[in-house]
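# Examining the three-dimensional arrangement
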There are 4 protein chains.
Amino acid sequence: MRPIDSGLIFDRFSIFRLHMKQVTSTLAVVLATAGFSFAQVQPNKQTPESSEIWEPVPPVVTPGVYSANTAGTTAPSDAVVLFDGKNADNWYANKGYAPTASTDPLQWPVQNGVLYSSKTSSARSKQEFGDMQLHLEFQTPSKVEGNGQGRGNSGVFLQGRYEVQVLDNYQNPTYVNGMVGSIYKQAIPLVNPSRKPGEWQSYDIIFIAPRFNKAGLMLEPAYVTVLLNGILVQNHVAVKGTTEYIGVPKVQAHGKGPIVLQDHGNPVGFRNIWVREL
Amino acid sequence: MRPIDSGLIFDRFSIFRLHMKQVTSTLAVVLATAGFSFAQVQPNKQTPESSEIWEPVPPVVTPGVYSANTAGTTAPSDAVVLFDGKNADNWYANKGYAPTASTDPLQWPVQNGVLYSSKTSSARSKQEFGDMQLHLEFQTPSKVEGNGQGRGNSGVFLQGRYEVQVLDNYQNPTYVNGMVGSIYKQAIPLVNPSRKPGEWQSYDIIFIAPRFNKAGLMLEPAYVTVLLNGILVQNHVAVKGTTEYIGVPKVQAHGKGPIVLQDHGNPVGFRNIWVREL
Amino acid sequence: MRPIDSGLIFDRFSIFRLHMKQVTSTLAVVLATAGFSFAQVQPNKQTPESSEIWEPVPPVVTPGVYSANTAGTTAPSDAVVLFDGKNADNWYANKGYAPTASTDPLQWPVQNGVLYSSKTSSARSKQEFGDMQLHLEFQTPSKVEGNGQGRGNSGVFLQGRYEVQVLDNYQNPTYVNGMVGSIYKQAIPLVNPSRKPGEWQSYDIIFIAPRFNKAGLMLEPAYVTVLLNGILVQNHVAVKGTTEYIGVPKVQAHGKGPIVLQDHGNPVGFRNIWVREL
Amino acid sequence: MRPIDSGLIFDRFSIFRLHMKQVTSTLAVVLATAGFSFAQVQPNKQTPESSEIWEPVPPVVTPGVYSANTAGTTAPSDAVVLFDGKNADNWYANKGYAPTASTDPLQWPVQNGVLYSSKTSSARSKQEFGDMQLHLEFQTPSKVEGNGQGRGNSGVFLQGRYEVQVLDNYQNPTYVNGMVGSIYKQAIPLVNPSRKPGEWQSYDIIFIAPRFNKAGLMLEPAYVTVLLNGILVQNHVAVKGTTEYIGVPKVQAHGKGPIVLQDHGNPVGFRNIWVREL
């Protein structure tokens, strides 16, 4: 698209229009003169400034702190804190995993700064989210019971639909698309970086919400990247639809959705749950 | 996340299937027998229907027809037709390439079903678009004049910001990130499938609009795929910002935008211009 | 990372430019003057040439020609032609759809420049491919028989594993993840642009092969974009594993693979089959 | 592609061939019989097992431990440790930032478990990498000197070509595509989560290497995701070519490459440098 003959003068005007677009028209003559003189100087000299960009300016965020296994990683300054060790006020009780309209208060116990899943219900965040970075820490029971999917099972449903599996997979084989770190029955994790039962583990999840078109079809899938205990287990994985226990993913157009923490009958502990809206 | 109650038997069967693979052939009879007995419960229920999805139903579209070089490819039934050979009514005159607010009628001549660029202005579509499939055909002058960027130069600005270059590149070298098929100064085309001057050429462009966050930063770039004369020249290429003549791409949050056809001083012909909103 | 020595002055100028935008017009004269004086040093050196790239040079390709419905689109100069209307010499007979080691000659009849599927076998290309652009044209029987998956059914297996469905879907509903234009049981097409039975239809497919790691896990999925009759039906869709009739996709590390055209008991015609290795 | 008339029996065989492929041929009759009986039972019942996958099995990895700010995050069991606090033995001295062939030992001092950049050279890892997860921690000088790009400047060059910027950006503005967390002059970070000068900061980087074709063109760009201090600053960003100080990215076909830590004249400290090959 590069201008040819008449381009030189025109371009100088363009640069000025960009830089000085608020300058009044009375200055135009001065600028045009200046612009003209600019063109005399080394027109093909490359400079570092040519490739600098000065806006938009990224917002300042104060990062959280990470400490020993006993305390975990606190929330950064721009995060929505869903659980900070004190109470379950940011959650509703939700029967089953699919989000309901219930506004009953969550009955999960909080003990020593830990939120424990209980058979009373699953937990649904009051706030709903689109694109996000989610951090949470979980602890499967130190007393090992059951095996396969029956050991330390829970799950984190993004937008109430897309489950990142929680499971005690330490020396406990199961189907690989249902392991901890899997997108349940959609994506096998790259590795199994499980810590031992009773130890705290962390999830750092980057989620880009799907884009649906007018016909309700998925123009862009959700994309998710997951680090488990700081180790990459899913890299920019396309989530093709809902994570189903039976059958293949289903496509359902939707907007923002809640975080749902699953109760699966095993008392799994959670702490430091926070979301950064991207 | 699977339910627990009946899960135990299921899991054992699954583990059985896994282990089956490693057992020696001397055990095969026993296993086959076991397999048969298990078969009464589960594996035969792996059915084709489990993985069928019946909705949402994709809309029916009647595709256009493509004929010889003389007529090109007509619009499908769900397309917005921007030029069908009759008049320039769907376009405004636009001074320069950056979209203006002008609603002046476009002065480009229409001759024999072809819309020719002219020095009166660039052309800006009245309608604005987001995600889209764009088809158009162009014809650089059969009488070759100029060279490099000065020969048969025009351009298609998606959302008024992201230029897919139009140029007569038949035996006419230029900088490769400014060739026909390039995302101007951002992405080199994979090949140069130029037809000869005066022959009709086609662009099929798939464009996914960028996603910006609250801070005005680009959370997801625009992605573009381009076929030139049916040949892939850009595959899912991230467009990092505006396509600048000088300097690097700039990030500017925006919504829908028009198609702009550039006038660059060379009389380039256009026909069969249509957009499918995705 | 820029060098430090001379940087101080440059930076100050840059900041100056940033701030310029917010000053009032009463200061414009002063600024313009300042701009002029600075101009001796830097901003005019923002040149178009700074952002030109001259290599690597994309190879020249002569595109094919497309003509009326009766002839279709011929191969470009850099394509591997798998069927040009004359014979089936580039294909093996393959029992079933999964690639075998058979080197038996394909028994499909060639009539009037068309290759018709027959119950003798499926067709497996002799050559194997990785990243590619694939073009082919197909024709389901003009005499309509059967319904759902039983009408004009065939399929194009990329790398012998990933099926793009072929089906007569003209006024013939079936499960949407098994429609023409679907990635079989993995991705619903965006629209249904089927032509009538007996009419020629075209597939243009862009395929990026999956990337597996040392553990045999899929680090990057296959990505596929599909145009059916010139209409986008799949856009950069992640193919998560093999396209299974029963069950979910399976992950199998592999290298290049053949094109397999399925015989499904319906005599589907093919022509203009060519592949460009990307 | 679903079989129609003869498909049912054939499919049952297929399932058995998959599950029992190592069973000897003497058992085939038994299996076929079993397979036939399977088909009699509830062919359209959906089961959880239909969507389980049991292989490939992700490797077990023991994650590192993270402790207070004083110690950082140690390497997981499958990582290549480039610096563990003891010596610079895994690095060469490299004049400038572009990788050289030099095998001179790195002269950067190691003090109290920290590797400090020095004006002697940049640091180039002896080992070269492709797809990877990279972790490192850095510390800009607690005594603040200079400003803009002159304060705490260093950089991490992935494959010796693609720079993730290191800079003291705490209350220190610069051009946004050159901030800490930027892909230098290619991608602005989403936020600025800088810690104060002298505090330890962490980079967790996921890098997918670019894919070049035979013509030397970039078929797939490098993609990079970056967390700075646990905060997402780059999400699956396409790196379009080399990160240039002057001009736009350049496309150069290449294989694996080293990590280069830049010396920029400021004594920046590094620790816990490890790479997991993906």
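## Considerations on the overall build of chain A
Regarding its fold elements, chain A presents 2 helices and 15 strands. Burial status across chain A gives 63% buried among its 278 residues. Split by element, the accessible area of chain A, about 10,200 Å² in all, is 54% carbon and sulfur.

## Structural notes on the interface of chain D and chain A
Accessible area lost upon the coming together of the parts is a frequently used measure of interface size. Facing 56 residues of chain D, the contacting portion of chain A comprises 56 residues. Inspection of the chain D/chain A interface yields 0 salt bridges. Inspection of the chain D/chain A interface yields 21 residue pairs in polar contact (both at pLDDT 80 or more). Broken down by secondary-structure element, the contributors of at least two residues to the side of chain D that touches chain A are strand S6 (132-139), strand S9 (201-208), strand S12 (222-228) and strand S13 (231-239) of chain D. Residue contributions to the side of chain D that touches chain A peak at 4 residues, all from S13 of chain D. A class-by-class count of the residues in the side of chain D that touches chain A yields 30 nonpolar, 19 polar and 7 charged.

## Re the sheet that holds strand S5 (residues 122-129) of chain C
Residue and element names in this part refer to chain C. Ordered in space as S2-S5-S14-S7-S8, the 5 strands form an open sheet in which the pairing is antiparallel. In this open sheet, the two edge strands, each paired with only one partner strand, are strand S2 (91-94) and strand S8 (162-166). Adjacent strand axes in the sheet meet at a mean angle of 25 degrees, parallel and antiparallel pairs treated alike. Sheet analysis places strand S7 (residues 154-158) next to S8, joined by 5 bridges and oriented antiparallel. Looking at the pairing, Ser 154 lines up with Val 166 of S8.

## Notes on the sheet that holds strand S2 (residues 91-94) of chain B
In any sheet, the strands associate via hydrogen bonds between backbone groups, in a parallel or an antiparallel arrangement. All names here are of chain B. Reading across from one edge, S2-S5-S14-S7-S8 is the order of the 5 strands in this open sheet, with antiparallel pairing throughout. Only two strands of the sheet have a single partner each, and these edge strands are S2 and strand S8 (162-166). If you compare each strand with its neighbour and ignore which way they point, the axes differ by 25 degrees on average. Of the strand pairs in this sheet, S2 and strand S5 (residues 122-129) are connected by 4 bridges, and their pairing is antiparallel. Bridging across to S5, Tyr 92 finds its partner in Arg 124.

## Some points on the packing of aromatic side chains
Inspection of the entire model under this criterion finds 24 aromatic pairs over all chains. For the ring pair Tyr 97 of chain A and Phe 157 of chain A, a centre distance of 5.8 Å and an interplane angle of 25 degrees mean the geometry is stacked. Taken together, the residues Tyr 97 of chain A in the loop between strand S2 (91-94) and strand S3 (110-111) and Phe 157 of chain A in strand S7 (residues 154-158) connect sequence positions 60 residues apart. Residue classification places Tyr 97 of chain A among the partly exposed residues on the basis of a relative accessible area of 22%. Arranged with centres 6.0 Å apart and planes meeting at 65 degrees, the rings of Tyr 175 of chain B and Trp 54 of chain C form a pair that is edge-to-face. Pair noted here: Tyr 175 of chain B is in the loop between S8 and strand S9 (201-208) and Trp 54 of chain C is in the loop between helix H2 (28-39) and strand S1 (80-83), and the two residues belong to different chains. On the accessibility criterion, Trp 54 of chain C (49% relative accessible area) is partly exposed. Site record: aromatic cluster; members linked through ring pairs are Trp 54 of chain A together with Tyr 175 and Tyr 184 of chain D. In this structure, Arg 271 of chain B packs its charged tip against the face of Trp 200 of chain B, placed 4.1 Å from the ring centre.

## Observations concerning the relation of the copies chain D and chain A
By a simple turn and slide, chain D fits onto chain A: the slide is 0.0 Å along the axis, the RMSD is 0.0 Å, and the turn is 180 degrees. Viewed as a symmetry operation, the transformation between the two copies matches a two-fold axis. Of every C-alpha in chain D, the one belonging to Ser 67 of chain D sits nearest the axis of rotation, 2.4 Å from it. In this assembly the copies share their binding face: 100% of the residues contributing to the interface of chain D also contribute to that of chain A.

## What about the nonpolar core?
Counting 122 residues, the largest nonpolar core has Leu 158 of chain A together with Leu 158 of chain C as the members making the most contacts within it. Once residues lying within four places of it in the same chain are set aside, the contact partners of Leu 158 of chain A are Met 132, Leu 134, Val 164, Ile 205, Phe 207, Val 224, Pro 258 and Ile 259 of chain A. Formed by 120 residues, the second largest nonpolar core is a distinct cluster that contains Trp 108 of chain B together with Trp 91, Leu 115 and Met 132 of chain D.

## Comments concerning the pattern of salt bridges
This model, assessed by the stated rule, comprises 23 salt bridges over all chains. Among the salt bridges present, the one from Asp 84 of chain B reaches Lys 86 of chain B, with a minimum N-O distance of 3.7 Å. Given the relative accessible area of 63%, Lys 86 of chain B is considered exposed. Ionic pairing is found between Arg 276 of chain C and Asp 78 of chain C, a salt bridge with its closest N-O pair at 2.9 Å. With Arg 276 of chain C in strand S15 (residues 269-277) and Asp 78 of chain C in the loop between H2 and S1, the pair connects residues that are 198 residues apart, well separated along the chain. Its relative accessible area of 2% is what places Arg 276 of chain C among the buried residues.

## A look at the environment of Val 239 of chain A
Residues and elements named next belong to chain A. Position of Val 239 among the secondary structure elements: in strand S13 (residues 231-239). Owing to a relative accessible area of 2%, Val 239 belongs among the buried residues under this scheme. With near-sequence residues (within four places) excluded, Val 239 lies in contact with Tyr 162, Ile 183, Gln 186, Met 218, Pro 221, Ala 222 and Val 224.

## With respect to the environment of Pro 193 of chain B
Within the element layout of this structure, Pro 193 of chain B appears in the loop between S8 and S9. The class of Pro 193 of chain B is buried, set by a relative accessible area of 0%. For the pair Pro 193 of chain B and Val 233 of chain B, spaced 40 residues apart in sequence, the C-alpha to C-alpha distance is 8.4 Å. Aside from chain neighbours lying at most four places away, what touches Pro 193 of chain B is Gln 201, Leu 228, Asn 229, Ile 231 and Val 233 of chain B together with Val 61 and Pro 63 of chain C.

## Observations concerning the side chain of His 236 of chain A
Mapping His 236 of chain A onto the fold places it in strand S13. Classification of His 236 of chain A as buried rests on a relative accessible area of 10%. Beyond its immediate chain neighbours, meaning those up to four positions away, His 236 of chain A contacts Tyr 223, Val 224 and Thr 225 of chain A, Tyr 223 of chain C together with His 236 of chain D.

## As for the confidence of the model for chain A
Scored by pLDDT, chain A comes out at a mean of 85, with 82% of its residues at no less than 70. When the criterion is pLDDT under 50, residues 1-43 of chain A qualifies, and its contacts beyond four places in sequence or with other chains add up to 63 contacts.

## Details of the pairing of strand S6 (residues 132-139) of chain B
Residue and element names in this part refer to chain B. With 8 of 8 residues buried, S6 lies mostly within the body of the structure. With 7 bridges joining them, S6 and S9 adopt antiparallel strand pairing. Across the sheet, Leu 136 pairs through a bridge with Tyr 203, a residue of S9.

## With respect to unusual backbone geometry
Backbone torsion omega between Glu 55 of chain A and Pro 56 of chain A reads 0 degrees, so that peptide bond is classified as cis. For Pro 56 of chain A, the location among the structural elements is in the loop between helix H2 (28-38) and strand S1 (80-83). Unusually for a residue other than glycine, Asn 112 of chain B sits at a positive phi of about 50 degrees. On the secondary structure map, Asn 112 of chain B appears in the loop between strand S3 (110-111) and strand S4 (114-116).

## Regarding the environment of Glu 199 of chain D
Residue and element names in this part refer to chain D. By secondary structure assignment, the location of Glu 199 is in the loop between strand S8 (162-166) and S9. For the pair Glu 199 and Asp 168, spaced 31 residues apart in the sequence, the C-alpha separation amounts to 10 Å. Look past the residues within four positions of Glu 199 in its chain and what remains in contact with it is Phe 138 and Gln 139.

## Describing the side chain of Gln 201 of chain D
All names here are of chain D. Inspection of the secondary structure puts Gln 201 in strand S9. On the accessibility criterion, Gln 201 (2% relative accessible area) is buried. At 2.9 Å, the side chain of Gln 201 and the backbone nitrogen of Arg 195 are in polar contact. A polar atom in the side chain of Gln 201 sits 3.0 Å from the side chain of Asn 229. Those residues in contact with Gln 201, other than ones at most four positions away along the chain, are Leu 136, Glu 137, Phe 138, Pro 193, Ser 194, Arg 195, Leu 228 and Asn 229.

The rules behind these values
Residues numbered from 1 in each chain as written. Chains lettered and ligands numbered in written order. Predicted model: local features only at pLDDT ≥ 70, side-chain atom pairs only at ≥ 80, totals over all residues. Heavy atoms only, no water. Helix = DSSP H or I, 4+ residues; strand = E, 2+ residues; numbered from the N terminus. Buried < 20%, exposed > 50% of the residue type's maximum accessible area, 1.4 Å probe, protein only. Areas by Shrake-Rupley, 256 points an atom, 1.4 Å probe, with all protein chains shown as cover. Contact = heavy atoms within 4.5 Å. Salt bridge = Lys/Arg side-chain N within 4 Å of Asp/Glu carboxyl O. Polar contact = N/O pair within 3.5 Å; in protein donor to acceptor, adjacent residues only side chain to side chain. Nonpolar A, V, L, I, M, F, W, Y, C, P; charged D, E, K, R; others polar. Pairing = 2+ DSSP bridges. Axes fitted to C-alpha atoms, helices over the stretch in contact; angles between N-to-C directions. Phe/Tyr/Trp six-rings, centres within 6.5 Å; stacked < 30°, edge-to-face > 60°. Lys NZ or Arg CZ within 6 Å of the ring centre and 35° of its normal. Least-squares fit on C-alpha atoms with pLDDT ≥ 70 in both. Core = buried A, V, L, I, M, F, W, Y, C linked by side-chain atoms within 4.5 Å. pLDDT = per-residue confidence, 0-100.

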